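Observations on chain architecture
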Amino acid sequence: VWKGRLTILSLVLVSVLAALSMCNIRGASNDQLEVYSWWTGPGEEEGLAAMAKSFESANPGVRFVNAAVSGGAGSNAKAILASRLLANDPPDSYQRHAGLELLDDVRSGKVHDISDLYQQQGWVKVFPKGLLQNLTIDGKLYAVPVNIHRANLMFFNPRTLKELGIAAPPKTWSEFLAQAATIKSKGKVALAVGPEWTQKHLLETVLLGELGADKYEQLFAGQIGWLSPDVTAALDVYAKVLAVSDVKSAAGDWQPQVDRVASGSAVYAVMGDWASSYLESSKKLQWRDGYDVVASPGTDGVYDFLSDSFTLPTGARRPDLSRKWLIECGSAEGQNLFNPLKGSIPARTDADAALYQGYLGWALQQWRDPKTRIVGSLTHGVVANNAYNAEIDSALGLFVQSGDQGKFAKTAEQQFRETQ
Amino acid sequence: VNLPVHSPLHTPRHSSEPVSTRTPRKQRKPRKQIGPIWGPGLLLVSPSLILIGIFVYGFLGWNVRVSFSNWRGLTPSYDWVGLDNYTSLWHDERFRGDVRNLIVFTTVFVTGALVLGFFMAMLLDKGVRGEGFFRGVYLFPMAISFIATAIVWRWLMDNGSGQDTAGLNKLFAAVGLDFLRSDWHKSNSMWAIAAVALPAGWALSGYVMALFLAGMRGVNETLRESARLDGASETQIFWHVVRPHLRPVTFSALLIMVHISLKTFDLLYALDQGNLRIDTPSLYMWFTTFDGGFYDRGATIATVLLLGVALVVGPYVWFTLRTERR
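Here the structure is a predicted model, which means the values were calculated and not measured.

When you go through chain B residue by residue, the secondary structure sums to 14 helices and 0 strands. Helices and strands appear in chain B in the N-to-C order α-α-α-α-α-α-α-α-α-α-α-α-α-α. The globule rule puts the C-alpha radius of gyration for 326 residues at 20 Å, and the 29 Å found for chain B is more than 25% above it. Taken along its principal axes, the extent of the C-alpha atoms in chain B is 100 × 70 × 40 Å. In chain B, the proportion of contacts linking residues at least 24 apart, taken out of those at least 6 apart, comes to 67%. Accessible surface computed for chain B: about 20,100 Å², of which carbon and sulfur atoms make up 67%.

And the structure:
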């Protein structure tokens, strides 16, 4: 009998303990700040920790709770966040890509307008105009960008070019296609691609290069259609570019994709500048020596950006603390703590340039150049809302599989109308 | 303290008296039954009944309800749209491809796992030295998460050529079996997803083996003995004695494999994300719901999948209930 009682007793004990630990998570004390992100990778995790430390020392007595969710370049985090937002149980601040990725949150009243914080902190003066335009939703600002990544980049290995006798990377996509013929005859792959999203990333840079910045923005604003002659011509080029790539044996992820460039089996790869910090820290390659990078063909002087930003959710437990966190995110100090570690550049144009060397120095200089034209990335959620973006994913997947370009354009056009 | 003489704790007994047929236990008054006879039983299972009622059937119902709504994005909407979501899903090119992929995958994977598992069980049943070791080796892949399995097999099934040759293709090249080189799940064919049956079968055929092995061990040795006495060969014994006993095991194994196959998600998710050649309804459900916010479409896909699984599990439940009643 005592054995049975012991079992019951231990069961009760276990359930009480389980309940206690749940209380610990849920019944949060009043002086803590829960920040939700997908920053768990090398570099970014340390960067977030540095910002957290700075926030805690600036706000004594407040505990920073890191609620980061890893995996899937943020897709796992986004799924869990969606269920928390639907349950009206938001964290005190959460990460989103700057731009229209936040549109659904705004329209559903999940985030607060923080335009006043922008005025109060003088951010309207220190963020470039092109960035502010892309951040503005329905005339208001809802998120504070911490970092800037550049999407329209073409990576290559200078040694491979020398070996093949190619003087310089291509300036236009037609020049690229001409080079590709030579490259193929010498038994190498002209362009390495990876999983579906990298193919979409490539599509975005081809559209940007062929249409130019203005028409690119008009396309995603719905002012010119996917079936217009310009876009059709650009899609033709994309199909040709894809044909000379290794899409049939595409790498499983973006790291092995740029590995092919580093090892010399492929000549070029279009990827965002996170590839730069990967090549430097994991592959121990030097910028301009082991690897080099230029703006993707036809996009010189254009900065196709994406940015991680933080929000003020409706129903945050301590909005005053959330605002303090956003101030940390937007401050030069916070951005300079985070970005050198993550391998990105600060969104602010007045941050200390000496902290950014090598590739980052080059990127920062372009970001700050008032002549640089800033446009937002499609793949990384700046110029298309989530619904539109997901429908483009499906359509592009079918296009890559079947090669039916007309159907892709038609679907994209139709989905734009349906998802606005 | 004087105990009363009629105390039930002590019944004086003398050798001359006939042994009482009533044991002392039986003299105890039975506890009074409160309420109906099934009351305590119901009380005992009621916590799990309530939990399953809410968290399984309640949410199933909710999901079905969402599939008849136009809920998109972070603002839930339950406006009734009838069968609209189902008809648009029917015309959805991606979904049609997904269903085709799922049928191909299920056929190849389930057949492969059953045949392989049966074969391995047969070999082990014949008596191998170190059977425990082999059992462990074959069962072990099941202990590895599908995500890890997928990441290993993503490399094994790499289809790079020339300098980028890797994984199985490299192995084939090294042993002079170049003709076996394959594009695996990236083949330009509707059968591409059949390649995924390799990692799935690798992970689960050991489980099928364990099921069959248990079935074979469950056959009474005396039956085999008597068949031997009657002069049956081992093959005949296997076919006429063991095989009929394996029918329920085969049936269970088939159903378990089919429903695992219909719900496969993590393996495909980690293997090659966004490759529509290995896309299935469960993946489409996830991406459309959580990337795109199409809760209506996601719920519709989930409902269709549920019906698919019910078509498989329903007959099984019916069959087991019928046999148990017998």
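Once the structure has been displayed, the description carries forward.
A few words now on the packing of aromatic side chains. What describes a pair of aromatic rings is the distance from one ring centre to the other and the angle between the planes of the rings. Enumeration over the complete set of coordinates arrives at 44 aromatic pairs over all chains. Note on Trp39 of chain A and Phe310 of chain A: the rings are 5.3 Å apart at their centroids and 65° apart in plane angle, and the pair reads as edge-to-face. Linking Trp39 of chain A in the loop between β1 (32-36) and α2 (44-58) with Phe310 of chain A in strand β11 (residues 308-311), this pair joins segments that are 271 residues apart in sequence. Of the two residues, Trp39 of chain A and Phe310 of chain A, both sit in the buried class. Note on Tyr118 of chain A and Trp123 of chain A: the rings are 5.2 Å apart at their centroids and 85° apart in plane angle, and the pair reads as edge-to-face. Considered together, Tyr118 of chain A and Trp123 of chain A belong to a single accessibility category, that of buried residues. An aromatic cluster of at least three residues, connected via ring pairs, comprises Trp71, Tyr78, Phe265, Tyr269, Trp286, Phe287, Phe290 and Tyr295 of chain B. Taking the ring centre of Trp38 of chain A as reference, the NZ or CZ of Lys78 of chain A above it sits at 5.2 Å.

Residues and elements named next belong to chain A. The strand order across the open sheet built from 5 strands is β2-β1-β3-β11-β4, with neighbouring strands paired in mixed fashion. This sheet does not close on itself; its edge strands, each paired only once, are β2 (63-66) and β4 (143-145). Each strand of the sheet is rotated relative to its neighbour by a mean of 30°, with strand direction disregarded. Strands in contact with helix α3 (residues 75-86) are β1 and β3 (93-97); relative to β3, the strand with the most contacts, it is inclined by about 130°.

With that settled, consider the pattern of salt bridges. Residue and element names in this part refer to chain A. The final tally for this structure, using the stated rule, is 36 salt bridges over all chains. A salt bridge links Lys78 to Glu101; the shortest N-O distance between them is 3.5 Å. Taken together, the positions of Lys78 in helix α3 and Glu101 in the loop between β3 and α4 (103-107) put the pair 23 residues apart, joining distant regions of the chain. Exposure class is identical for Lys78 and Glu101. Each is buried.

Residue and element names in this part refer to chain A. What you see with β11 is no split at all: Asp308 and Phe310 on one side and Ser309 and Thr311 on the other are buried throughout. In terms of strand pairing, β4 meets β11 through 3 bridges, oriented antiparallel. Paired with Pro145 across the strands is Ser309, a residue of β11.

All names here are of chain B. You can see Ala302 is positioned in helix α14 (residues 295-325). Since its relative accessible area comes to 19%, Ala302 is described here as buried. In this structure, the C-alpha to C-alpha distance between Ala302 and Val137, residues 165 residues apart in sequence, is 35 Å.

Thresholds applied
Residues numbered from 1 in each chain as written. Chains lettered and ligands numbered in written order. Predicted model: local features only at pLDDT ≥ 70, side-chain atom pairs only at ≥ 80, totals over all residues. Heavy atoms only, no water. Helix = DSSP H or I, 4+ residues; strand = E, 2+ residues; numbered from the N terminus. Rg over C-alpha atoms; globule rule 2.2 N^0.38 Å. Contact = heavy atoms within 4.5 Å. Areas by Shrake-Rupley, 256 points an atom, 1.4 Å probe, with all protein chains shown as cover. Phe/Tyr/Trp six-rings, centres within 6.5 Å; stacked < 30°, edge-to-face > 60°. Buried < 20%, exposed > 50% of the residue type's maximum accessible area, 1.4 Å probe, protein only. Lys NZ or Arg CZ within 6 Å of the ring centre and 35° of its normal. Pairing = 2+ DSSP bridges. Axes fitted to C-alpha atoms, helices over the stretch in contact; angles between N-to-C directions. Salt bridge = Lys/Arg side-chain N within 4 Å of Asp/Glu carboxyl O.

The quantities given are spatial measurements derived from coordinates; they are silent on function.
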